[in-house]
Structures are given as C-alpha cells and as structure tokens.
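# A closer look at the structure
Residues per chain are reported as follows:
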Amino acid sequence: MSHIKKYILPYLWIAIASVIHTIGFNWCYVPNQIGFGGITGVGQILNVFIPVLPVGMAILLLNLPLFLLGWRLLGGQMLVSSLFATVLTSVTIDMLSAVYTFQPMDPLLGCIFGGMLVGASLGMILLQGATTGGTDLIARLLKLKFAWLPMGKLLMAVDLAVIVATAIVFRRFESALYGLVALYISSIVMDMVLYGMDHAKVAYIISDHHEAITQAIVHDMDRGVTILHGEGAYTGTEKQVLLVAFKQRQIVSLKRMVQALDPNAFLIVCEAHEVLGGGFRSYQQNEI
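Before going into details, it helps to say that this report is about the structure given with it. (Residues numbered from 1 in each chain as written. Predicted model: local features only at pLDDT ≥ 70, side-chain atom pairs only at ≥ 80, totals over all residues. Heavy atoms only, no water.)

Following the criterion strictly, the structure yields 5 aromatic pairs and no others. Their ring planes at 90° and their centres at 5.3 Å tell us that F25 and F36 sit as a pair that is edge-to-face. Of the two residues, F25 sits in helix α1 (residues 2-29) while F36 sits in the loop between α1 and α2 (38-49), which places them 11 residues apart along the sequence. Residue classification places F25 among the buried positions, given a relative accessible area of 1%. When its relative accessible area of 9% is taken as the criterion, F36 is described as buried. Aromatic pair Y29 and F36: ring centres 4.6 Å apart, planes at 70°, arrangement edge-to-face. Feature note: the residues F25, Y29 and F36 constitute an aromatic cluster, connected by ring pairs. (Phe/Tyr/Trp six-rings, centres within 6.5 Å; stacked < 30°, edge-to-face > 60°. Helix = DSSP H or I, 4+ residues; strand = E, 2+ residues; numbered from the N terminus. Buried < 20%, exposed > 50% of the residue type's maximum accessible area, 1.4 Å probe, protein only.)

Shown next as structure tokens:
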C-alpha cells in the first residue's frame, strides 16, 4: 500500500487533473476564442496559421526544449511526472476536439469557469510535484530563484505576453481582456489549491488578564502561546503580548473567549500564509 500511495496515486491525480484541464480548455477557451497564456496559447496561434497542426501536438513540440532544460535543473523524477502530465494533457486536448465540438457560450462565463477548471487542474498537478510543461515549467524553474513568490503569480507574469499575442492573431481585443480575467481567476484558484488547505491566522492579544487567557488557549483550544514582552509607548507600562497561531475555524471561539475573560483586551488577528510546526503541517523538501 505504501508503494501504491507513493508511486501510483500521484499519477492517478495527474491523470484526473489533465482531464479537467482538457475540459476547461476545450469547453471554455476554444469555442469562445479566449486568449490562453503560455505554450498552450502559442499552440493556439500555430494552429491558426497551420491548421493541420493540432494544438495538442504543437504543445508537445514546443515543450521539448523546455524539458531538456528542466531535466538538468529540476532532476529526473519531477521531469518524468511532468512529461506524463504534458503528454496526457496534449493527447486528450486533441482527442476531445476530434470527437466533440463545444458550442460558444457567454464569454464571461467561459473565462470564469475556464479559469476555475484550469487553475484547479494546474494546482492539482503541481501538488504532485509535476507540471504540464510550458509556462508551468518556466514558473517552476523561476520558483527555484524566487522561492518567496506564489506559483499563481509567477504564472500570471509569464502568461501575459502570450495572451496579448493570441488576441492579435484572433483579431479580437476582447480575447485578451477575457483571457486576462481567466488568467487572474486561474492564478487565484491555483494558489487556493496549493496553499488554501493551510488556512491559518495569527492573533496578538494584549490584556491585563493574560495569564487566564493563556491558560484558556492552551487547555480549551489546544494551541500553544508565546509570550512577548512589550511596553506601552505612551504610558511606559510593561505589557505581556500573547502570540498564538490557530486554525480559521477557531477564530470565533478565540474572540468569544478573550471577550469573556477581558472585555477590554486588545486583539489583533492577522492572516498567516503558512504555519509550519506543531499542530500544523510539516515542511516538505522541494515544496512549492
């Protein structure tokens, strides 16, 4: 079972995500001529000028030099899974377009749902340590240099030029505008898939009853508390500042508890992008 979980399950998720990606592209982007970024967008452009070259085949041909570059920088294991994702996505795009032609819909609906489907599929693939090639792979390579940037934002930056070029080829300025909306939605959904399951918050609590609040957080909420030593700038009075990281679902309980123990407490709640350590997730090497 451990071998199945380690080797087979990731490829199953990649296969599911590739199908979702194909549906989003063929259903929402193609019939509405919505600009698609990256290598897929370049494939769309080539298909316009060379109709006998399917989009999926163009994607594969354009990805070859990127895979050669990525093989040296990222290592073999990731490139094998990425090649699997790229081949499967390219083949399913051509197969689906060959057997069924989707009808145009409201372009706004197309870019919204297309962005959601593509963003979710790319997030699923990236979670398995793979990419679909193209700008996904470029963004993954850039992530090695700019590790602090979210993957969705990196992809958005890389895809903008291709979307504009696609709109020029389609001779529809609206294609670029809808493409930008779809790209923005895709980046948000992708980051939600990649990082959204780790929703957490950080609270700073300043109270004269900090000992009682600390005990309640530790025993009732099962969360650790760090006591910071502060000082009031105006009064010069020493203050104990409680620092606590907690899950999103615990925010109401925390506020109610603080209010009950000290109605005059000063409470600051901040978003936490990631929390690693006891009670939260652990750091994984080469994670994105």
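What follows picks up the thread again.
Right, let's get into the pairing of strand β3 (residues 238-247). Inspection of the sheet shows strand β1 (residues 200-206) paired to β3 by 7 bridges, in the antiparallel sense. Within β3, the residue paired with A203 across the bridge is V244. Where strand β2 (residues 226-231) and β3 come together, 6 bridges link them in antiparallel fashion. In the strand pairing of β3, E231 is matched with E238. Hairpin connection, β2 to β3: the antiparallel pair is bridged by 6 residues, and G236 has positive phi, about 75°. (Pairing = 2+ DSSP bridges.)

Structural measurements only, silent on function.
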